[in-house]
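# Topology and contacts: notes
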Amino acid sequence: MGIEDFGGGQQSGADVLVVTTNDVPGYQVQQVIGEVFGLTVRSRHLGSQIGAGLKSMVGGELKGLTKTLVETRAQAMERLVEQARGRGANAVLAMRFDVTEAADVGTEVCAYGTAVVITRV
């Protein structure tokens, strides 16, 4: 697995800018649309759970689970962007991830932030 399997974030040139900051230097917020989020719940298959259990006995990174979580976060972020775009936003400010266990059957990942319309100053 290469480094691209363990990273995330937007590709350059995206039509909806997503940032973790409250503002974007060189831009002004023209309209606040409101909160948007993207949510997904993923379960681990039995093989990965057994492998993770064995790996946890000897220590080290659980690469399969890491890759699954990266993919899950990417899907949540894609859904966040789709919702923002659908509501007329061209940016999402103060984006965050929230990760929780979902009733012992999987992992819930929520990407959330504030959808806005920004213009270059």
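Predicted model, so just to flag it, every value in this text is computed and none were measured.

### Points about the side chain of Thr-72
By secondary structure assignment, the location of Thr-72 is in helix α2 (residues 63–86). One polar contact links the side chain of Thr-72 to the main-chain carbonyl oxygen of Thr-68, over a distance of 2.7 Å. Contacts of Thr-72, omitting those with residues within four sequence positions, involve Thr-40, Arg-42 and Val-109.

### What to know about the packing of aromatic side chains
In total, this model carries 0 aromatic pairs according to the counting rule given. In this structure, Arg-73 is placed above the aromatic ring of Phe-97, and the distance from its NZ or CZ to the ring centre is 3.8 Å.

### Let's talk about α2
Here α2 contains 24 residues, and its C-alpha end-to-end distance of 35 Å stays within 8% of the 34 Å for a straight helix at 1.5 Å per residue. Turning to α2, its buried residues number three or more, namely Val-70, Thr-72, Ala-76, Met-77, Leu-80, Val-81 and Ala-84. On its buried face, α2 sits against β1 (17–18), β2 (27–42), β3 (91–102) and β4 (106–120). One or two steps after α2, the chain reaches Gly-88, where phi turns positive at roughly 95°.

### Section: the pattern of salt bridges
It is possible for side chains bearing opposite charge to pair when their charged atoms get close. A complete count under the given rule lists 1 salt bridge for this structure. The residue Asp-15 makes a salt bridge to Arg-85 at a minimum N-O spacing of 2.8 Å. In this pair, Asp-15 sits in the segment before β1 while Arg-85 sits in helix α2, placing the two residues 70 residues apart along the sequence.

### Considering the sheet that holds β3
If you walk across this open sheet you meet the 4 strands as β1-β3-β4-β2, and the pairing is mixed. The open sheet is flanked by β1 and β2, the only strands paired with a single partner. Looking at chain direction, β3 and β4 are connected through 10 bridges and run antiparallel. The partner of Val-92 across the bridge, within β4, is Ala-115.

### A short note on the side chain of Thr-107
Of note, Thr-107 is situated in strand β4. With residues near it in sequence (within four places) discarded, Thr-107 still touches Thr-40, Val-41, Arg-42, Val-99, Thr-100 and Glu-101.

What counts as what
Residues numbered from 1 in each chain as written. Predicted model: local features only at pLDDT ≥ 70, side-chain atom pairs only at ≥ 80, totals over all residues. Heavy atoms only, no water. Helix = DSSP H or I, 4+ residues; strand = E, 2+ residues; numbered from the N terminus. Polar contact = N/O pair within 3.5 Å; in protein donor to acceptor, adjacent residues only side chain to side chain. Contact = heavy atoms within 4.5 Å. Phe/Tyr/Trp six-rings, centres within 6.5 Å; stacked < 30°, edge-to-face > 60°. Lys NZ or Arg CZ within 6 Å of the ring centre and 35° of its normal. Expected span 1.5 Å × (residues − 1). Buried < 20%, exposed > 50% of the residue type's maximum accessible area, 1.4 Å probe, protein only. Salt bridge = Lys/Arg side-chain N within 4 Å of Asp/Glu carboxyl O. Pairing = 2+ DSSP bridges.

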